[in-house]
Amino acid sequence: MMPLTLVCAMLCVSACVASCPPRCECSDAPRTVRCASAALHRVPAAIPRDASSLIITGNAIPRLDPSAFSGPQNTTLLNLSDNRIMEIGSHTFSSLLTLRSLILNNNPLVLIHPEAFSVPGSPLQELSLRSSLYNYSSLMDLITALRWGELTNLLRLDLSGNRLVLLPPGIFAPLPNLRHLHLHNNSLVAVYNGTFSGVEQLLELDLTGNAFRTIGDEGLRELERLGRARLLLGQNPFACTCEAHEFANWLNSSKVRVEDVDRLYCEFPASLRGASLRGFNAQGLGCYGNVREEITELSLQTSYVFLGLVLGFVGMVFLFVVYLNRKGIKKWITDIYEACRDVLEGYHYRYEIDSDPRLGHVSHSQQGRPRMDPRLAHVSTDARSTQIPSDVTL
């Protein structure tokens, strides 16, 4: 008599095969449905409810919506790579309550709705979007979807091969439990403050195959926050110039573990191509002292020279204007001089009258009378030389 468990297993296999969608292959180890290169234009409707792995690749499915995955109940792996998917609708995967891994590699995603990755209970642990972002607008859609999707349990995110040039600050902040972040084969040129804020628990950060020529102070401080991470920086066109001196020192002294530090080579200049970046000697290139301070000092000196040139030009313009108006300025100065001289002569005359005791009674007797016109000062001066008889009363 055949064992009961064997009979149940055979019945399960026969049921699975019987319910397998057209042009797909189904197996019970471990309940996998595979629809690869089946020329499908939509997700098959007759997917077994107990399928744990659903692999639909190499088809032409332009859009995904919530009705596409209403059948499966126990799916943990969903691979939708190479399906020419351009749009992911809102709540597309919300019925897959046990979904752990979602792979969307090599799809030209143009539109990602804000709640595209929202699944009740946040079961998703892996999200792979390798070579799937069509343009920068798709990146902004992805940022919104990561924020609205409440992917608090996501452990692995793959954004490699998407021609990314800039990562906005806080892009990964909605993923507090992220452990593995793959950004290789993009076009990143710098790491800025806040780029990896919120994901300080990272265990692996892959930045290989980008466009880094060096990593500045701001980027080094940001990477230093990822003290637990295993960092990969190979296959970047590093420039071994004076500006890379601090980066080379950081590689030798940082607490961050750069896994491929011995495989970081200089790409520029040509004379140092292939040399180890870790052994980069700034003194050998004639870089002495603090490069940043020298650059700052040179900038200040340049500013001072420019200021001096501006002031010199203003001075030349002023002298030229004075030269053109020299006659008017001379007349103006002469008028001021004559006016000041008349005023001073008047004060001088009054001083002589007040200081001569012989003319004191004359000054007192003339009180209440009109004062002498300063223009008759010479008459008064001549009168002082003439003796006044004592019997004459003025």
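Residues numbered from 1 in each chain as written. Predicted model: local features only at pLDDT ≥ 70, side-chain atom pairs only at ≥ 80, totals over all residues. Heavy atoms only, no water.

### Focus: the environment of Ser27
- Among the secondary structure elements, Ser27 is positioned in strand E1 (residues 25-27).
- For the pair formed by Ser27 and Ser53, sequence separation is 26 residues and the distance between their alpha carbons is 9.9 Å. (Helix = DSSP H or I, 4+ residues; strand = E, 2+ residues; numbered from the N terminus.)

### Topic: the state of the cysteines
- Under the definition given, this model contains three disulfides.
- In this model, Cys240 is linked to Cys266 through a disulfide, with the two sulfur atoms separated by 1.7 Å. Torsion about the S-S bond of the Cys240 and Cys266 cystine: about -75°, corresponding to left-handed handedness. Here Cys240 is found in the loop between strand E14 (238-239) and helix H4 (245-253), whereas its partner Cys266 is found in strand E16 (residues 266-268), with 26 residues between them in sequence. Cys266 matches Cys240 in its accessibility class, with the two residues each being buried. (Disulfide = S-S within 2.5 Å. Buried < 20%, exposed > 50% of the residue type's maximum accessible area, 1.4 Å probe, protein only.)

### Some remarks on the sheet that holds strand E8 (residues 111-112)
- The three strands lie next to each other as E4-E6-E8, forming an open sheet whose pairing is parallel. Looking at strand neighbours, the two that pair on one side only are strand E4 (63-64) and E8, the edges of this open sheet.
- Bridging between E4 and strand E6 (residues 87-88) involves two bridges; their strand directions are parallel. When the bridges of E6 are listed, Arg63 appears paired with Glu87. (Pairing = 2+ DSSP bridges.)

### Thoughts on the confidence of the model for the chain
- Looking at the chain as a whole, the pLDDT averages 83, with 81% of positions reaching at least 70.
- pLDDT under 50 marks residues 1-17. Its contacts with residues more than four places away, or in other chains, come to six contacts.
- Low pLDDT, under 50, characterises residues 378-394; the stretch is placed with seven contacts to residues that sit more than four places away or in other chains. (pLDDT = per-residue confidence, 0-100. Contact = heavy atoms within 4.5 Å.)

### Re helix H3 (residues 217-224)
- For H3, every residue scored as buried is listed here: Gly219, Leu220, Glu222 and Leu223. Around the axis of H3, the buried residues are gathered within 160° of arc, so they sit on the same side. (Arc of directions from axis to C-beta.)

### Concerning the pairing of strand E2 (residues 32-36)
- Looking at chain direction, E1 and E2 are connected through three bridges and run antiparallel. Note on E2: the bridge partner recorded for Glu25 is Arg34.
- Across five bridges, the pairing between E2 and strand E3 (residues 53-57) is parallel. Bridge pairing links Ala36 to Thr57 in E3.

### A word on the packing of aromatic side chains
- Within this structure, the stated rule accounts for five aromatic pairs.
- Through a chain of ring-to-ring contacts, three or more aromatic side chains come together here, namely Phe69, Phe93 and Phe117.
- Over the aromatic face of Phe268 sits the side chain of Arg213, whose NZ or CZ is 4.4 Å from the ring centroid.
- Here the guanidinium or amino end of Arg326 rests over the ring plane of Tyr323, the centre of that ring lying 4.4 Å away. (Phe/Tyr/Trp six-rings, centres within 6.5 Å; stacked < 30°, edge-to-face > 60°. Lys NZ or Arg CZ within 6 Å of the ring centre and 35° of its normal.)

### A look at the sheet that holds E3
- Taken in spatial order, the 11 strands line up as E1-E2-E3-E5-E7-E9-E10-E11-E12-E13-E15 in an open sheet, and their pairing is mixed. Strands at the two margins of the open sheet, each flanked by one partner only, are E1 and strand E15 (257-258).
- Here strand E13 (residues 230-232) runs beside E15; their pairing, made up of two bridges, is parallel. In the sheet register, Arg230 faces E15, and the bridge partner there is Arg257.

### Some words on the packing of H3 against H4
- Where H3 contacts H4, the axes come no closer than 10 Å and their chain directions differ by 15°. Our classification of the angle between H3 and H4 gives roughly parallel. In the crossing of H3 with H4, the sense of the turn from one axis to the other is right-handed. Here Asp217, Leu220, Leu223 and Glu224 of H3 come into contact with H4, specifically with Glu246, Phe247 and Trp250.
- Partitioned by chemical class, the residues of the contact of H3 with H4 number four nonpolar, no polar and three charged. (Axes fitted to C-alpha atoms, helices over the stretch in contact; angles between N-to-C directions. Parallel < 35°, antiparallel > 145°, perpendicular 65-115°, else oblique. Left-handed = near helix turned anticlockwise from the far one by under 90°. Nonpolar A, V, L, I, M, F, W, Y, C, P; charged D, E, K, R; others polar.)

### Examining the pattern of salt bridges
- All chains considered together, the criterion is met by 11 salt bridges.
- Between Asp158 and Arg130 there is a salt bridge, with its nearest N and O atoms 2.9 Å apart. With a gap of 28 residues between them, Asp158 in strand E10 (residues 156-158) and Arg130 in the loop between strand E9 (126-128) and helix H2 (136-148) connect regions that are remote in the sequence.
- For Arg130, a relative accessible area of 38% gives the class partly exposed.
- Residue Asp335 pairs with Lys331 through a salt bridge whose shortest N-O separation is 3.2 Å. Placement of both Asp335 and Lys331 in helix H6 (residues 326-355) is noted, with a separation of four residues, approximately one turn of the helix.
- Residue Asp335 is classed as partly exposed on the basis of its relative accessible area, which comes to 38%. (Salt bridge = Lys/Arg side-chain N within 4 Å of Asp/Glu carboxyl O.)

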